Amino acid sequence: LTEGAQARARHFLSEEGVEGSVLRLGVTTGGCSGFEYVVKVGPLESDDLVQAYEGFRVAVDPVSKQFIDGSVLDYIDTVGFAGFKFSNPQAKSDCGCGKSFDYEL
(Lines give C-alpha, C1' and ligand atoms only; values in the text may rest on other atoms or scores of the structure.)
Protein backbone atom coordinates (compact mmCIF):
# COMPACT_ATOMS: atom_id res chain seq x y z
CA LEU A 1 0.00 0.00 0.00
CA THR A 2 1.26 3.43 -0.89
CA GLU A 3 1.14 6.24 1.68
CA GLY A 4 -1.98 7.58 -0.07
CA ALA A 5 -3.73 4.22 0.14
CA GLN A 6 -2.80 3.86 3.80
CA ALA A 7 -4.18 7.32 4.63
CA ARG A 8 -7.45 6.59 2.82
CA ALA A 9 -7.74 3.17 4.47
CA ARG A 10 -7.39 4.78 7.91
CA HIS A 11 -10.09 7.27 6.93
CA PHE A 12 -12.51 4.56 5.73
CA LEU A 13 -11.92 2.38 8.79
CA SER A 14 -12.46 5.31 11.17
CA GLU A 15 -15.70 6.22 9.36
CA GLU A 16 -16.90 2.63 9.60
CA GLY A 17 -16.24 2.63 13.34
CA VAL A 18 -16.74 -1.12 13.84
CA GLU A 19 -14.29 -2.63 16.32
CA GLY A 20 -12.08 -5.28 14.74
CA SER A 21 -12.78 -4.25 11.14
CA VAL A 22 -9.99 -4.62 8.60
CA LEU A 23 -9.45 -3.41 5.06
CA ARG A 24 -10.26 -6.46 2.94
CA LEU A 25 -8.56 -6.85 -0.43
CA GLY A 26 -9.59 -9.56 -2.81
CA VAL A 27 -10.59 -10.73 -6.24
CA THR A 28 -13.88 -12.04 -7.55
CA THR A 29 -14.97 -13.23 -10.97
CA GLY A 30 -16.68 -10.56 -13.03
CA GLY A 31 -16.00 -7.20 -14.52
CA CYS A 32 -15.34 -6.64 -18.19
CA SER A 33 -11.96 -8.45 -18.15
CA GLY A 34 -12.83 -11.60 -16.18
CA PHE A 35 -11.67 -10.75 -12.66
CA GLU A 36 -12.64 -7.82 -10.48
CA TYR A 37 -10.74 -6.26 -7.60
CA VAL A 38 -12.49 -5.99 -4.25
CA VAL A 39 -11.63 -3.38 -1.61
CA LYS A 40 -13.98 -3.17 1.35
CA VAL A 41 -14.14 -2.85 5.11
CA GLY A 42 -15.13 -6.03 6.89
CA PRO A 43 -14.41 -8.53 9.63
CA LEU A 44 -11.29 -10.64 9.85
CA GLU A 45 -11.85 -14.26 8.75
CA SER A 46 -10.02 -17.22 10.32
CA ASP A 47 -8.04 -18.13 7.17
CA ASP A 48 -7.08 -14.56 6.16
CA LEU A 49 -3.51 -13.50 5.51
CA VAL A 50 -2.97 -10.30 7.49
CA GLN A 51 -0.56 -7.38 7.12
CA ALA A 52 -0.39 -4.73 9.84
CA TYR A 53 0.07 -1.05 9.05
CA GLU A 54 0.11 1.92 11.39
CA GLY A 55 -3.38 2.03 12.88
CA PHE A 56 -5.05 -0.70 10.83
CA ARG A 57 -4.74 -4.16 9.28
CA VAL A 58 -5.22 -5.45 5.74
CA ALA A 59 -6.66 -8.92 5.15
CA VAL A 60 -6.54 -11.04 1.99
CA ASP A 61 -8.20 -14.43 1.62
CA PRO A 62 -5.85 -17.23 0.47
CA VAL A 63 -7.50 -17.64 -2.95
CA SER A 64 -7.27 -13.93 -3.80
CA LYS A 65 -3.64 -13.78 -2.71
CA GLN A 66 -2.46 -15.73 -5.76
CA PHE A 67 -4.10 -13.15 -8.06
CA ILE A 68 -2.85 -9.97 -6.36
CA ASP A 69 0.51 -11.12 -4.99
CA GLY A 70 3.13 -8.47 -5.77
CA SER A 71 0.52 -5.78 -6.46
CA VAL A 72 0.75 -2.18 -5.29
CA LEU A 73 -2.43 -0.51 -4.08
CA ASP A 74 -2.68 3.26 -4.38
CA TYR A 75 -5.46 5.78 -3.81
CA ILE A 76 -6.03 8.16 -6.71
CA ASP A 77 -8.12 11.34 -6.50
CA THR A 78 -8.30 13.20 -9.80
CA VAL A 79 -11.02 14.96 -11.77
CA GLY A 80 -11.78 11.78 -13.73
CA PHE A 81 -11.35 9.16 -11.02
CA ALA A 82 -11.31 8.77 -7.26
CA GLY A 83 -10.66 5.40 -5.66
CA PHE A 84 -8.23 2.62 -4.95
CA LYS A 85 -6.15 1.49 -7.93
CA PHE A 86 -4.19 -1.74 -8.19
CA SER A 87 -0.94 -2.02 -10.12
CA ASN A 88 -0.81 -5.76 -10.63
CA PRO A 89 2.29 -7.27 -12.28
CA GLN A 90 0.42 -10.54 -12.82
CA ALA A 91 -2.45 -9.04 -14.81
CA LYS A 92 -2.30 -10.04 -18.48
CA SER A 93 -4.44 -6.98 -19.29
CA ASP A 94 -6.48 -4.37 -17.45
CA CYS A 95 -9.88 -3.00 -18.23
CA GLY A 96 -10.13 0.68 -19.14
CA CYS A 97 -12.03 1.30 -15.89
CA GLY A 98 -9.12 -0.08 -13.85
CA LYS A 99 -11.42 -2.21 -11.70
CA SER A 100 -11.03 -5.48 -13.53
CA PHE A 101 -8.26 -7.49 -15.13
CA ASP A 102 -7.44 -10.62 -17.07
CA TYR A 103 -5.19 -13.23 -15.47
CA GLU A 104 -3.44 -16.06 -17.24
CA LEU A 105 -3.26 -19.19 -15.10
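Everything discussed here concerns the structure shown above.
For the structure given in this document, a descriptive report is provided here. Predicted, not measured: the structure shown is a model, and the values here were computed from it. (Residues numbered from 1 in each chain as written. Predicted model: local features only at pLDDT ≥ 70, side-chain atom pairs only at ≥ 80, totals over all residues. Heavy atoms only, no water.)

### Re the overall build of the protein chain
(1) Moving on: Counting secondary structure elements, the protein chain contains two helices and eight strands.
(2) Moving on: Along the protein chain, helices and strands appear, N-terminal first, in the series α-β-β-β-β-α-β-β-β-β.
(3) Moving on: Split into buried and exposed, the 105 residues of the protein chain put 33% on the buried side.
(4) Moving on: Expressed as a percentage of contacts within the protein chain between residues at least 6 apart in sequence, the contacts between residues at least 24 apart total 48%. (Helix = DSSP H or I, 4+ residues; strand = E, 2+ residues; numbered from the N terminus. Buried < 20%, exposed > 50% of the residue type's maximum accessible area, 1.4 Å probe, protein only. Contact = heavy atoms within 4.5 Å.)

### Structural notes on the nonpolar core
(1) Moving on: Of all hydrophobic cores here, the largest spans 18 residues; its most connected members are Leu23, Leu25, Val27, Tyr37, Ile68, Leu73 and Phe86.
(2) Moving on: Setting aside residues up to four positions removed in sequence, Phe86 forms contacts with Leu25, Tyr37, Val39, Ile68, Ser71, Val72 and Leu73. (Core = buried A, V, L, I, M, F, W, Y, C linked by side-chain atoms within 4.5 Å.)

### Examining helix α1 (residues 3-16)
(1) Moving on: For α1, built from 14 residues, the straight-helix expectation of 20 Å at 1.5 Å per residue is met to within 8% by its first-to-last C-alpha distance of 20 Å.
(2) Moving on: Within α1, the full set of buried residues consists of Ala5, Gln6, Ala9 and Leu13. The buried residues of α1 occupy an angular sector of 100° when the element is viewed end-on, so they sit on one face. Turned more than 90 degrees away from the buried face of α1, the exposed residues are Glu3, Ser14 and Glu15.
(3) Moving on: Downstream of α1 by one or two residues, Gly17 has phi in the positive range, about 65°. (Expected span 1.5 Å × (residues − 1). Arc of directions from axis to C-beta.)

### Things to note about the side chain of Ser64
(1) Moving on: Examined against the element boundaries, Ser64 turns out to sit in helix α2 (residues 62-68).
(2) Moving on: Residue Ser64 is classed as buried on the basis of its relative accessible area of 3%.
(3) Moving on: Within the local environment of Ser64, its side chain forms a polar contact with the side chain of Asp61, the two groups lying 2.7 Å apart.
(4) Moving on: With residues up to four places along the chain from it excluded, the contact list for Ser64 reads Gly26 and Val27. (Polar contact = N/O pair within 3.5 Å; in protein donor to acceptor, adjacent residues only side chain to side chain.)

### A closer look at the pairing of strand β4 (residues 56-60)
(1) Moving on: With four of five residues buried, β4 is to be regarded as a mostly interior element.
(2) Moving on: Relative to β4, strand β3 (residues 49-53) is paired through five bridges, and the arrangement is antiparallel. Its bridge partner being in β4, Ala52 is matched across the sheet by Arg57.
(3) Moving on: Linking β3 back to β4 in an antiparallel pair, the connection comprises two residues, with Gly55 at a positive phi of about 90°. (Pairing = 2+ DSSP bridges.)

### A word on the environment of Glu3
(1) Moving on: Turning to its location among the elements, Glu3 is positioned in helix α1.
(2) Moving on: C-alpha separation for the pair Glu3 and Leu73, spaced 70 residues apart in sequence, amounts to 9.6 Å.

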